[in-house]
Amino acid sequence: MPLITFIEHNGTEHSVDVPLGQSLMQAALNHSVPGILGDCGGCCACATCHGYLDADWQDKVPAPADDERELLEVVLDPSVESRLTCQLSMSEALIGAVIRLPESQT
Amino acid sequence: MLDRPINPNNHKKKVSMSLSSASPAGVLIVGTGQAGAEVASALRQGGYDAPITLLGQEPHAPYRRPPLSKDYLAGKAGRDQLYVKPAEFYERQRIELRTGHRAIALDRERQQVRLETGETLAYQNLVLATGGRPRRLQVPGSEADNLHYIRTLDDIDRLRGDFRAGAHLLVVGGGYIGLETAAVAIEHGLRVTLLESAGRLLERVAAPQLSAFYQQLHEQRGVRVLTGAQLLGFEGGRRIQIARTSAGDLAVDLVVAGIGLQANLELARDAGLEVSDAIHTDAHARTSDPRILAIGDCASFPSVHYQRRLRLESVQNAQEQARTAAATLLGEHKPYDPVPWFWSDQYGHKLQMVGLSQGYQQTVVRGDMASGAFTLFYLRDGQIVSLDSIDRPQDFMLGKRLVAARCPVSAEQLADLQVPLKALLPA
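(A) Expanded view of the overall build of chain A. A tally of regular secondary structure across chain A gives two helices and five strands. Beginning at the N terminus, the succession of helices and strands in chain A can be written as β-β-α-β-α-β-β. When burial is assessed residue by residue, chain A has 53% of its 106 residues classed as buried. Across chain A, every contact between residues at least 6 apart in sequence was considered, and the portion connecting residues at least 24 apart equals 63%.

(B) Representation of the overall build of chain B in the model. For chain B, the count of helices and strands is 10 helices and 26 strands. For a compact globule of 427 residues, the expected C-alpha radius of gyration is about 22 Å, and chain B comes in at 23 Å, within 12% of that figure. Seen along its three principal axes, the alpha-carbon backbone of chain B occupies a region of about 60 × 60 × 35 Å. For chain B, buried positions account for 59% of its 427 residues. Across chain B, contacts joining residues at least 24 apart in sequence account for 61% of those joining residues at least 6 apart.

(C) Region of interest: the interface of chain B and chain A. In this assembly, 25 residues from chain B lie in contact with 24 residues from chain A. Carbon and sulfur atoms supply 48% of the area buried between chain B and chain A, which totals about 2,000 Å² over both sides. It is Arg64, Gln394 and Met397 of chain B in chain B that bury the most area against chain A; as a group they hold 25% of the surface buried on that side. The tally of links from chain B across to chain A stands at one salt bridge. Here Asp39 of chain A ties to Arg323 of chain B by a salt bridge, and the two come within 2.7 Å at their closest N and O atoms.

(D) Spotlight on the sheet that holds strand E22 (residues 341–346) of chain B. All names here are of chain B. Read across the sheet, five strands follow the order E22-E23-E26-E25-E24 without closing on themselves; strand pairing throughout is antiparallel. Pairing within the sheet leaves two strands with one partner each, and these edge strands are E22 and strand E24 (362–368). Neighbour to neighbour, the strand axes of the sheet diverge by 15 degrees on average, direction disregarded. Note that E24 and strand E25 (residues 373–380) share seven bridges and pair antiparallel. Residue Val364 lies in a different strand from E25, and its bridge partner there is Phe377.

(E) Layout of the confidence of the model for chain B. Residues and elements named next belong to chain B. The pLDDT averaged across chain B works out to 93; a share of 94% of its residues lies at or above 70. Counted against residues more than four places away or in other chains, residues 1–23, with its pLDDT under 50, gives 51 contacts. In the predicted assembly, ipTM is 0.89 and pTM is 0.92.

(F) A look at the environment of Val403 of chain B. Residue and element names in this part refer to chain B. Within the secondary structure, Val403 is located in helix H9 (residues 393–405). On a C-alpha basis, the gap between Val403 and Ile384 in space is 5.5 Å, while along the polypeptide they are 19 residues apart. In this view, Val403 contacts His305, Tyr306, Val339, Val354, Ile384, Val385, Ser386 and Leu387; residues no more than four positions away in its chain are not counted.

(G) Focus on the packing of aromatic side chains. Considering all chains together, one arrives at seven aromatic pairs over all chains under this definition. Sitting above the plane of the Trp341 of chain B ring, Lys400 of chain B keeps its charged end 4.4 Å from the centroid.

(H) Here's a closer look at the side chain of Arg44 of chain B. Residue and element names in this part refer to chain B. With respect to the helices, strands and loops of the structure, Arg44 is situated in helix H1 (residues 34–45). This buried residue, Arg44, is left without a salt bridge; Asp49 holds the nearest opposite charge, at 5.1 Å. Ignoring anything within four residues of it in the chain, the contact list for Arg44 reads Asp49, Ala50, Pro51, Ile52, Gln93, Arg94 and Ile95.

(I) Region of interest: the pairing of strand E13 (residues 231–235) of chain B. All names here are of chain B. In the sheet, E13 pairs with strand E14 (residues 242–245) via four bridges, with the strands oriented antiparallel. Residue pairing for E14: Phe234 is matched across the bridge by Ala243. Here E13 folds back onto E14 in antiparallel fashion, the turn holding six residues, of which Gly236 has a positive phi close to 130 degrees.

(J) Local environment of the packing of helix H5 (residues 176–187) of chain B against helix H6 (residues 208–220) of chain B. All names here are of chain B. At their nearest, the axes of H5 and H6 sit 11 Å apart, and the two run at 20 degrees to each other. With respect to each other, H5 and H6 are oriented roughly parallel. Considering how the two elements wind past one another, H5 and H6 form a crossing that is left-handed. Between H5 and H6, the contacting residues are Tyr176, Leu179, Ala182 and Ala183 on the first element and Leu210, Tyr214 and His218 on the second. Split by residue class, the contact of H5 with H6 holds six nonpolar, one polar and no charged.

(K) Region of the structure containing the packing of H1 of chain B against helix H8 (residues 315–329) of chain B. Residue and element names in this part refer to chain B. For the pair H1 and H8, interaxial distance at closest approach is 8 Å and the crossing angle is 35 degrees. Note that H1 runs across H8; the crossing there is right-handed. Here Gln34, Ala35, Glu38, Val39, Ala42 and Leu43 of H1 come into contact with H8, specifically with Val315, Ala318, Gln319, Ala322, Arg323, Ala325, Ala326 and Leu329. Here the contact of H1 with H8 is built from residues that sort into 10 nonpolar, two polar and two charged.

Cut-offs used in this document
- Residues numbered from 1 in each chain as written.
- Chains lettered and ligands numbered in written order.
- Predicted model: local features only at pLDDT ≥ 70, side-chain atom pairs only at ≥ 80, totals over all residues.
- Heavy atoms only, no water.
- Helix = DSSP H or I, 4+ residues; strand = E, 2+ residues; numbered from the N terminus.
- Buried < 20%, exposed > 50% of the residue type's maximum accessible area, 1.4 Å probe, protein only.
- Contact = heavy atoms within 4.5 Å.
- Rg over C-alpha atoms; globule rule 2.2 N^0.38 Å.
- Buried area = accessible area lost by both parts, 1.4 Å probe.
- Salt bridge = Lys/Arg side-chain N within 4 Å of Asp/Glu carboxyl O.
- Pairing = 2+ DSSP bridges.
- Axes fitted to C-alpha atoms, helices over the stretch in contact; angles between N-to-C directions.
- pLDDT = per-residue confidence, 0-100.
- Phe/Tyr/Trp six-rings, centres within 6.5 Å; stacked < 30°, edge-to-face > 60°.
- Lys NZ or Arg CZ within 6 Å of the ring centre and 35° of its normal.
- Lys, Arg positive; Asp, Glu negative; His and termini not counted.
- Parallel < 35°, antiparallel > 145°, perpendicular 65-115°, else oblique.
- Left-handed = near helix turned anticlockwise from the far one by under 90°.
- Nonpolar A, V, L, I, M, F, W, Y, C, P; charged D, E, K, R; others polar.

Below, the structure written as structure tokens:
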């Protein structure tokens, strides 16, 4: 199955299989990746699934919609690579992608 | 400090089906809601190695409740999207998930829980995550097949059978459950009357401006809102046909009541644990018996932030209190004193709330109420105690930090869109 690697802020790596179409937040929750809480269940309401999608994959995903973009403007530890993983669905183009997690989510 | 399990290596044993107490010790969690599921997974994440049993009355694996009155009722989300974890998660994490089992008695001396079947389960530590049940209507005629409550997946599946375009739905209760149900019903082509006994919608939780906003929103979409109106009874027997109210008789096809939640505390109360309207815990989720913890909708905890005991019905509370309970069981120190937050979706508008507004002295509107995107701040002694934010997610995010910081703010600054909220946070 397609792989995504989540890297905790302390450097611990978690490579997990993600079925196509599944949200990366749900994949992280399914594999108990520390640092992804997903408290609102993935409805783009809480930003507790914030991660940095490595630059190489930024153009492989749709740009953030308005609600995600607005939340990203006020998350702790923002970066140009910031995304909410609940808004990213697994696709062929994302196979091998790396998502690093912010310090605020430790 | 809690006792650590004495037999951390016997997790592969099967739970005994006899009436003996030969079941493995470890942690027994009663309740498969989000709180129960979270404490189980947080324990494993924290390195807890002894057996974990997750026991619940519902026939389903843990699922998210908020979508029930929103996307699930609307048919926009299927069951698979509700489950907190995939089925294989529990096996992989060595969490014994036992659904469809009701715990009926707690023997604290023997450290056992007895099930309806007669089976007993022993525990080293017990976590009560028993949740709550909807308050039921008491008026004549309330035992009917087309009277529905909203709490479980099965409740919604049952409601669906009556939830047909053109049908006349009476919603009893103008709280969030009632309002969300009314919104989905309108979008589904039902005709909707909403009955609220108080003088306005959301009276218990929100300021009059917000009540007025939601009343107008619902009326614009076609809901007939009757406030200050009492339900007197139903007629029609098993199928309610007439609802008698102080505002007149209504011909109805189905009724949904959303009039509050009652904590499931009988197991704790009957075992002599300290309870009131909820199971009392300390900041570490421990009940008056330190081997037993309680979390989620069924528990109340001492809030330093609000300086009183709180029982919260929310996902935030279920998850964060569960993480505190897991920390306690792991011998860590993670006192629970949250800034509560909630959300509600109606007609495509996202309402996000932070804090509790009780005791506020003043409200301030940021944004334009007429445009439907605004935030209502509740102030007390020059600090923000809570806020209701509609379609302004940034206000919600920053509001969480503003409420937590308890920093002094002025009403003028809050109302001035030229002043970024970020600037009001302490450096």
